[in-house]
Amino acid sequence: MVPDDPWAVLVRREDPSRTRTVRENPLPLRPEQVRLRVERFGLTANNVTYARLGDSELPFWDAFPAPDGWGRVPVWGYSRVVESRHPEVPVGRRHFGYLPMGSHHTLTVRSRTDHLLDDSPQRAFLHPWYLTHRRCRGPGEEDDLRTLLRPLYPASYNVAALVTELSGKGARSLVVTSASSRTALGLVDLLKGGDDLVTLGLTAPERRDVLRSMDVYNRVLAYEELDRAFLPAPTVFVDFSGDEERISNVYRRLGGDILHTALVGYTHPRARIEPPDLHDPRPEIFFTPDREAEREEREGPGTYRRAYVEAEERFVREARSWLRVRHRRGPREIVTAWSDLLNEPASPLTGDVCVPEPRPSDPPGNRNEE
């Protein structure tokens, strides 16, 4: 039997501010299936992007089917096997992976090494990066920080490799939009102490002073101050906003000084997946899972993974000095966290870690939070 009282948060696809918390009635497991109980997951701007673009050519809503008009927001977090009909996956094993917002998740397991590979038909369209639930130890004292940073750090790590490569080809400066995003912070942190590359972070006015106080970039400017940007050329431009206006403004200011443009994220509400039609060098979409697969093939999976884990663990340890975790427990607090994330600019210094197990005073049930 599945312990606890399974529940899920549903959001309206056309208006993610409308939510419902519903009791789930999971079906009996079929052969090769396992049931996971979600221990904790992070809520960041990345999850808002999943919802905002869920009906685009990146169909995030399709990963976890929901009743008509509703969606399950994808999240990343820790889970534990509480029921298994797979002969090689015992109850109690712990993993980190891609999950729906709620208390439990069922998946079909195709193969197992040190991780689970989800073979559920409804998620067959996803890249294996999203289907892999990596086995992990724990719980540990830094799990909260890992929950917030691990889904983002592969992009930081692989974009940093691209920037380093371009620096070796003559690039002398780096411009980053949405510079307060944790993916951007991880990127620039990896570049510190390397080649003599001048870094400029562009951010919203209300985050400028906070970002300056972190002393990560050589210079930090608000978007409205872009005309004050004077940088050694050529320049690498990394965009995490996905906003055509912001991208175009950087091209207007830097002109022919841009050596390469990588489009990595979609943090802005006006974000579009299609690259804007600009002069050379044409902006290029940077898809982290493909870049990671290329490096694993080139460097060897073991070599790549060891180097990555070492870098991630170092970043997690250092994040203890600046990243404050705010816990949200049970469905009511998780819905509140989601609403806050939609309505308020997220601070790079605070992150929400959600624990599905409700407080005794907040039992789950059929609850409409609209």
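Residues numbered from 1 in each chain as written. Predicted model: local features only at pLDDT ≥ 70, side-chain atom pairs only at ≥ 80, totals over all residues. Heavy atoms only, no water.

**Thoughts on the sheet that holds strand E14 (residues 258–263)**
Phase 1 of the analysis: In space, the six strands of this open sheet follow the order E12-E11-E10-E13-E14-E15, with parallel pairing throughout. Looking at strand neighbours, the two that pair on one side only are strand E12 (219–222) and strand E15 (284–285), the edges of this open sheet. (Pairing = 2+ DSSP bridges. Helix = DSSP H or I, 4+ residues; strand = E, 2+ residues; numbered from the N terminus.)

**Some words on helix H8 (residues 288–299)**
Phase 1 of the analysis: Between its terminal C-alpha atoms H8 stretches 16 Å, which fits the 16 Å expected from 12 residues at 1.5 Å a residue.
Phase 2 of the analysis: Of the residues making up H8, those classed as buried are Thr288, Pro289, Glu292 and Arg295. Angularly, the buried residues of H8 cover 125° about the axis, an arc narrow enough to put them on a single face. Facing away from the buried surface of H8 by more than 90 degrees, the exposed residues are Glu297 and Arg298.
Phase 3 of the analysis: Packing partners of the buried residues in H8 comprise helix H2 (128–131), helix H4 (153–168) and helix H9 (301–319).
Phase 4 of the analysis: The positive-phi residue at the C-terminal boundary of H8 is Gly300, with phi of around 95°. (Expected span 1.5 Å × (residues − 1). Buried < 20%, exposed > 50% of the residue type's maximum accessible area, 1.4 Å probe, protein only. Arc of directions from axis to C-beta. Contact = heavy atoms within 4.5 Å.)

**Remarks on the packing of aromatic side chains**
Pairs of aromatic rings are described using the distance from one ring centre to the other and the angle between the two planes.
Phase 1 of the analysis: If you walk through the whole model with that rule in mind, you get 17 aromatic pairs.
Phase 2 of the analysis: Here Tyr50 and Tyr98 contribute two aromatic rings whose centre-to-centre distance is 5.9 Å and whose plane-to-plane angle is 90°, an arrangement assigned as edge-to-face. With Tyr50 in helix H1 (residues 45–52) and Tyr98 in strand E6 (residues 94–100), this residue pair connects regions lying 48 residues apart in the sequence.
Phase 3 of the analysis: Given a relative accessible area of 5%, Tyr50 falls into the buried group.
Phase 4 of the analysis: Ring centres of Tyr98 and Tyr130 lie 5.0 Å apart, and the angle between their planes is 65°; this geometry places the pair in the edge-to-face category. Taken together, the positions of Tyr98 in strand E6 and Tyr130 in helix H2 put the pair 32 residues apart, joining distant regions of the chain.
Phase 5 of the analysis: Residue classification places Tyr130 among the buried residues on the basis of a relative accessible area of 12%.
Phase 6 of the analysis: Taken together, Tyr50, Phe60, Phe64, Trp76, Tyr98, Trp129 and Tyr130 form an aromatic cluster joined through their ring pairs.
Phase 7 of the analysis: Over the ring of Tyr223 we find Arg246; its NZ or CZ atom is 3.8 Å from the centre of that ring.
Phase 8 of the analysis: The ring of Phe230 is capped by Arg253, whose NZ or CZ atom sits 4.7 Å from the centre of that ring. (Phe/Tyr/Trp six-rings, centres within 6.5 Å; stacked < 30°, edge-to-face > 60°. Lys NZ or Arg CZ within 6 Å of the ring centre and 35° of its normal.)

The values reported here are purely geometric and, on their own, carry no functional implication.
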